[in-house]
Amino acid sequence: MMIKRYTFLTPPFHYVLENASKMVSGLEKCIAVFYNKTTKNIEVLSFEKELTPLISEDATFIENLRKSKKIANWISINQVPFEVSNQENGQLTLADEEKNSVLELRFLNDFDENYDVLYFYFKNNISNFKLSSTNEAMAVTVKEVIQNILYNQIQLIIASNKSDAAIHQKIAKTYNDSHLQGKINQLEKERLEQAKSTYFYLLNKLTLKEDIEFILANDAIAKLNDLRLSLDKIERILTNSLEIILNKYAPSNFYEISVNDLVLNSFINQPTLTIKQENLNKTQLFLDKYEAAAKILLTKNERITGLNIGEQCFPRVSPAAISDVLKKHHKKINNLFQQYPERWSIIRTKFKPVVHIYERSIHENQVQRGA
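To keep things clear, this report deals only with the structure shown in the data block. Predicted model, so just to flag it, every value in this text is computed and none were measured.

Cut-offs applied
Residues numbered from 1 in each chain as written. Predicted model: local features only at pLDDT ≥ 70, side-chain atom pairs only at ≥ 80, totals over all residues. Heavy atoms only, no water. Helix = DSSP H or I, 4+ residues; strand = E, 2+ residues; numbered from the N terminus. Buried < 20%, exposed > 50% of the residue type's maximum accessible area, 1.4 Å probe, protein only. Contact = heavy atoms within 4.5 Å. Salt bridge = Lys/Arg side-chain N within 4 Å of Asp/Glu carboxyl O. Pairing = 2+ DSSP bridges. Axes fitted to C-alpha atoms, helices over the stretch in contact; angles between N-to-C directions. Phe/Tyr/Trp six-rings, centres within 6.5 Å; stacked < 30°, edge-to-face > 60°. Polar contact = N/O pair within 3.5 Å; in protein donor to acceptor, adjacent residues only side chain to side chain.

### Topic: the overall build of the protein chain
Then, number 1: The helix and strand inventory of the protein chain stands at 12 helices and eight strands.
Then, number 2: For the protein chain, the proportion of its 371 residues judged to be buried stands at 38%.
Then, number 3: In the protein chain, 63% of the contacts between residues at least 6 apart in sequence involve partners at least 24 apart.

The following block contains the structure:
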C-alpha cells in the first residue's frame, strides 16, 4: 500500500510525468528538465513506468537548453538531446513538420529565472485523438491544439502546486506558533493563579487580626513567583513588608501591596529552590490550609470533613478537589510528616483521608525498618 503525500511536497513536474499519459492519449513517454528548489540542482527525469533519472554529461548544454525562451516546439526524435547528440534545428518544410512527433514545452521557473523543459513523445498518427483506426499523420493544426491544451494544463498544475504549498506553509506556521504560544500563555496564567492563591492565603493569615484589608498587586505576585523561594521565606518577605507599610503609611481600611512595597533585600540573591523542594512547598501549603480550616471547625464544634474543610478554605474548594490533592500528593505528604512530626496534628488525627495516609506511612516505615 503506497504512502500518500501532498503533491506540492515534490516538484510539480513529478506529478506531470507520472500522469502525462492520463492527460493526453497517444504518449509513449515523457522527459522533464527542471530546477529542483529543494535539492538546488537541475534534474533530468524520464517516466515510462516509473520516474528514472537521466544522466547528461554536458552540463553546459543543459544550462543553454533552459535559457531558450521558445515556449512550444515540435521536433523529431533524433533532435531530442537525450536520444542523440545535439543538432541545430534547420528550417523545416511542412512535410518535415508533420513528421515531428515530440512536443517540447517550456515553463518559466521562478526560483532561477530560467525555463524548465518537458518533452512529450507521441505516436505519429491521429488515431489516438479521434474515433478512427487510421495511421494518418497528425496534421499541424491538430498539433497546435494538443500543445495549447497541454501547455495550459501544466501551467494550471504548476500554479496550483505553488499556491497549495504557500497556503500550507502559512497554515503550518500559524498553527505551530499560535498553538504553542497559547499553551505557554495558559501555563503561565495557571502558574500565576496558583501563586496568587498561595500568597493571598499567607497574607490573610498574617493580617487576620488587622482591621485593614490587604491585597497583592499583580506585579507583586509576579515578582514573588519569579523568586521561587520557600513558603517560609515568602511569609517572611510579606511580614517585613507589612511592618514597613503599617508603620510608614498607617493605612486606614485598605491597601494594595505593589512590587515597590516588597522588602526583598535579604532574599534577592539567595539560591532558588530545586524542583523537588518547590513541589514539597506546594504540598506543605495544602496541608497548612487544611490544618487552618480544621482549627476553625474545632472552635465551631463542627465535624472535620472534606466538605466542611473546603468551606473554610480561601478560596473555597470542593471535597473532590481535596481528595484529588491528597491522592496526587500522598508521597510528598509522607515525606513532610517525617520531616515535621509535630505539625498538622489536627488533620493527622481527625481528618480521615489524611489519617489513612499518616497510618500507611507509619506502617511502611515500620516495614522498612524491619527489613
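### Brief notes about the pattern of salt bridges
If the charged atoms of two oppositely charged side chains come close together, the side chains can form a pair.
Then, number 1: By the definition in use, this model includes eight salt bridges.
Then, number 2: In this structure, lysine 205 engages glutamate 235 in a salt bridge whose closest nitrogen and oxygen atoms are separated by 3.6 Å. Pair noted here: lysine 205 is in helix 4 (residues 140-206) and glutamate 235 is in helix 6 (residues 231-248), with a separation of 30 residues, a long-range link.
Then, number 3: Here lysine 205 falls in the partly exposed class, since its relative accessible area comes to 38%.
Then, number 4: A salt bridge links aspartate 288 to arginine 343; the nearest nitrogen and oxygen atoms lie 3.3 Å apart.

### Considerations on the environment of asparagine 240
Then, number 1: Note on placement: asparagine 240 falls in helix 6.
Then, number 2: Judged by relative accessible area, which is 29%, asparagine 240 ranks as partly exposed.
Then, number 3: Residues asparagine 240 and leucine 262 lie 22 residues apart in sequence; the distance between their C-alpha atoms is 8.0 Å.

### Focus on the pairing of strand 6 (residues 115-122)
Then, number 1: Counting buried positions over the eight residues of strand 6 gives eight, a clear majority of the element.
Then, number 2: Burial along strand 6 is two-sided: Tyr115, Val117, Tyr119 and Tyr121 and Asp116, Leu118, Phe120 and Phe122, pointing in opposite directions, are all buried.
Then, number 3: Bridge analysis of strand 1 (residues 27-36) against strand 6 gives six bridges, and the strand direction is antiparallel. Note that in strand 6 the partner of isoleucine 31 across the bridge is tyrosine 119.
Then, number 4: Summarising the sheet, strand 5 (residues 102-108) and strand 6 pair through seven bridges and their orientation is antiparallel. Opposite valine 102, over in strand 6, you have tyrosine 121 as the bridge partner.
Then, number 5: In textbook terms, the turn of a hairpin is the stretch between consecutive antiparallel strands, and for strand 5 and strand 6 this stretch comprises six residues, one of which, glutamate 113, has a positive phi near 65°.

### Here we look at the sheet that holds strand 2 (residues 41-47)
Then, number 1: The six strands lie next to each other as 3-2-1-6-5-4, forming an open sheet whose pairing is antiparallel. With one partner strand each, in any of the chains shown, strand 3 (51-53) and strand 4 (72-75) form the two edges of the open sheet. Each neighbouring strand pair of the sheet contributes to a mean axis angle of 20°, computed without reference to strand direction.
Then, number 2: On the sheet, helix 1 (residues 12-23) packs against strand 1, strand 2, strand 3, strand 5 and strand 6 and is oriented at approximately 175° with respect to strand 1.

### What about the side chain of glutamine 147?
Then, number 1: On the secondary structure map, glutamine 147 appears in helix 4.
Then, number 2: Taking the relative accessible area as the measure of exposure, glutamine 147 reaches 15% and is therefore buried.

### A word on the packing of aromatic side chains
Then, number 1: Tallied over the entire structure, the rule returns 10 aromatic pairs.
Then, number 2: Ring geometry for phenylalanine 214 versus tyrosine 255: centroids 6.3 Å apart, planes at 55°, classification tilted. Of this pair, phenylalanine 214 sits in strand 7 (residues 213-216) while tyrosine 255 sits in strand 8 (residues 254-257), and the two are 41 residues apart along the sequence. The pair formed by phenylalanine 214 and tyrosine 255 is uniform in burial state, with each residue classed as buried.
Then, number 3: By the ring-pair criterion, three or more aromatic residues cluster together here, those being Phe13, Phe34, Phe107 and Tyr151.

### What to know about the environment of leucine 227
Then, number 1: Tracing the backbone shows leucine 227 in helix 5 (residues 218-227).
Then, number 2: Classification of leucine 227 by relative accessible area gives buried; the value is 9%.
Then, number 3: Residues leucine 227 and leucine 264, 37 residues apart in the sequence, show an inter-C-alpha distance of 9.7 Å.

### So, the side chain of threonine 207
Then, number 1: Within the element layout of this structure, threonine 207 appears in the loop between helix 4 and strand 7.
Then, number 2: A residue is classified by how much of its surface remains accessible, and threonine 207, at 9% relative accessible area, is buried.
Then, number 3: Engagement of the side chain of threonine 207 in a polar contact is seen with the backbone oxygen of leucine 203, the distance being 2.8 Å.
Then, number 4: Apart from residues no more than four positions distant in its own chain, threonine 207 is found in contact with Phe214 and Leu242.

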